[in-house]
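An overview of the molecular structure
Each chain is listed here by its residues.
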Amino acid sequence: MRVSLKSILVVAAAVLGILALVVFSPENRQQHEAPQPEAAAPSVTAGSPNETATEQTASPGPAEVPEEVQEFIDSYADPDASADEWGRALAPNVTPALHASLLSSDRELARTAGHEILDVSDGRVSVGTKTDVSYTLEYAQFEDDHEHDGHAGASHPIVTGIDFTDAPDGAALPLGTDGVEQVRTPVQEALTAAVAQPGGQSDEDREQLIRDTFTSPEKAMSLPRSVDDGAAVRIGNAHELVLAAEDDQLVVHATVPYARDGESSPEWTTVTIELTRDDSGAWTPQDAHL
Amino acid sequence: MRRILTWVIVGALVAGASVVVGVTAVFFQFASVSSSDTDSTNDACTDTSAQALSVDTSALPDVAGYTSEQLSVAAQIMKIGGDLGLSERAQLIGLMTAMQESSLQNLAGGDRDSVGAFQQRPSQGWGTVEQLRDPAYAATAFFRGVDRSTGEHNPGLIDIDGWESMSLTQAASAVQLPAEQYEDAYAKHESEARKLMSELAGVSVGQASGSLTDANLGCSAPVNVAAGDLPTQEQLTQDSANVACPDGSTDLGAASGGYQGKRIPLRLCSITGTVCTGSDCRDGDLDGKARGEVVVNSLVAPHFMKWLEAVRADGYNPQFSSSFRSWETQASFSGGNVARVGYSNHQMGAAIDISGLPGGYNRHNCSGFAADDSCKSNAPAWSSYHKHGVENGALFHDEEFWHLEWVITRAPERDVPFIPAA
């Protein structure tokens, strides 16, 4: 059989092209180069960790996770711990924001979630019962990188988010791995009530809107108007949402632009929105302060 | 032999071409990742234009303070706006206009030959009296304009260039062309109009107020450029998110800094060509925005860059272990000798920690003090850093030889010649 030169060239080009792609692919580059800090550095804004993120260490094998993550899994599923004991046991191994969300989450969901580790990969751990995955958590390695006082850096993993696989409707879920998206809508509603102003809005109108938006607006009532001459004020979407905790309550520090109606050059403000759960377990604004 | 040589040459060409193809493909892979990674404000800038509110004109609710005629007129304006595929903002402008012109009444007369809810004039080609006393016709004319028998077109709202980004009262005026003193008169009805719309649509005021959010706001690159002069302490402690990052840096977007316990909006700039290894500047930190470079606020960035250029001209190329710190990072560090949260210049993006200087990085480990009380290091590089720091508005901390800051919190305590004390 005679094979044409053209055919050989085409095949050779394809093989070598694929080879080059494999050799130069980002995944392989990461394997060959020094660990990249950015590879698994968790979002500061997404988790407000106790300490600062550094690189992710190599993932343990299946069913093998860092001690802190194992502690979290066991504590989370503990059916007998009182609410206080449960909260205290979870605190060291999760971000403050996640901890705050856990305290108001559905405890029964936690009790029935199981504590068997079913899969481990790239900082994500699937947990459940036998073969059923109840939730997948994400953890990251954090390092205290004090420069001052020659402080030796300590490093430990910390759970940053929990995604449930098939959560029942109405369950009060802990913050997921994309916690910011879970709170974006109620935070924007809160900002609309607190910062934006329809033209001609009276103080009474504003107070009513704040009462209608927040479940317990004590501090929000004292928020100054964004402009005090009664002009119409628009807001943009929040450009920075930082999840955090204050007194064990989930809060979001939202940085948002605002401008008089018809103007395009905004001013900016950062408002802290305190969140609580509504009857359906979803997050809703409770109060706000600067 | 010649055949073998041909095969060798062909093989080499194929291999070379394949590598080029492969590398090119990989380049595009990286390019696409990079592009999405740096597009960090996309979520905030996603257009969320509020859709029109729907209203059932055959079953209107009772609304205190409004007659059935007023409610009917208002509902028809909303319905026509919705039927024309317009937004909640358009419905709102229609309602505000009718509130100002007729208090939502279908008037038989008015100023000169004005008639109907929008007080449109037959003599100006808006329609016949009969037509204009039909609220549906009048609303349609307001939104879409009217073709006159003369061939001209009376522009309606959607004919007005840029009506969506005008203020509500400007948009209404652009259609109604009132006397100059009444051009702002429509604005005062917004709050009432929103409340009425929420009642007629059966939703909360909040749900009827989607157009209070303008997704484009804050999404244009800021145009204010930091002045060549050093920022004053007052400027450094106020909202500076509108100040653009200078050339030679990457805009990381608006963020919140901290000053005297309060969060202050600012704009973060990542300084190209620097290396920073600490919290919030490591590649991927700051919600994926940090690039492994120094991060400072946009007011400080030009002066930091001048400082860096000067010390590099002296033959030094410093690296950094810390620059901007988020509130949460500062909170995690706070305690001991580290400033409490809300009180660190790092939180305002106005301080950097220089790594690699000799000696233990311990507070009070000073080899002496400069005239301005800066904590000295014996390293020749430090002298360069300090000299050019003073030239560009920065001092070293009085207890830490590695910490250079554009003084904010400690200005009153230091005799800073170039920054007035608070």
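The structure under discussion appears in the preceding block.
So, a few notes on the structure that sits alongside this text.

What counts and how
Residues numbered from 1 in each chain as written. Chains lettered and ligands numbered in written order. Predicted model: local features only at pLDDT ≥ 70, side-chain atom pairs only at ≥ 80, totals over all residues. Heavy atoms only, no water. Helix = DSSP H or I, 4+ residues; strand = E, 2+ residues; numbered from the N terminus. Contact = heavy atoms within 4.5 Å. Pairing = 2+ DSSP bridges. Axes fitted to C-alpha atoms, helices over the stretch in contact; angles between N-to-C directions. Disulfide = S-S within 2.5 Å. Buried < 20%, exposed > 50% of the residue type's maximum accessible area, 1.4 Å probe, protein only.

1. Some remarks on the environment of Y66(B)
All names here are of chain B. Tracing the backbone shows Y66 in the loop between α2 (42–45) and α3 (68–83). When the C-alpha positions of Y66 and N297 are compared, they lie 52 Å apart, and in sequence the two are 231 residues distant. Apart from residues no more than four positions distant in its own chain, Y66 is found in contact with L71, M99, L104, E192 and L196.

2. What to know about the sheet that holds strand β5 (residues 249–259) of chain B
Residues and elements named next belong to chain B. Here we have three strands laid out as an open sheet, ordered β5-β6-β7, and antiparallel in their pairing. Single-partner strands in this sheet number two, and they are β5 and β7 (295–297). Across the sheet, the axes of successive neighbouring strands diverge by a mean angle of 40 degrees, strand direction being ignored. With ten bridges connecting them, β5 and strand β6 (residues 262–271) associate as antiparallel partners. The residue bridging G257 from the neighbouring strand is I264, located in β6. With respect to the sheet, helix α11 (residues 301–313) is in contact with β5, β6 and β7, its orientation differing from that of β6 by roughly 40 degrees.

3. So, the state of the cysteines
Residues and elements named next belong to chain B. Counted under the stated rule, the structure contains four disulfides over all chains. Here C245 connects covalently by a disulfide to C269, the sulfurs 2.2 Å from one another. Torsion about the S-S bond of the C245 and C269 cystine: about -90 degrees, corresponding to left-handed handedness. In this pair, C245 is assigned in the loop between β4 (243–244) and β5 and C269 in strand β6, connecting sequence segments 24 residues apart. Accessibility assignment for this pair places C245 and C269 in one class, buried. Note on cysteine connectivity: C276 is disulfide-linked to C281, with sulfurs 2.1 Å apart. Judged by the torsion about the S-S bond (-75 degrees), the C276/C281 disulfide is left-handed. Exposure class is identical for C276 and C281. Each is buried. Along chain B, the cysteines engaged in disulfide bonds are linked according to the scheme 1-2, 3-4, 5-6, 7-8 when indexed in sequence order.

Geometry only, nothing functional implied.
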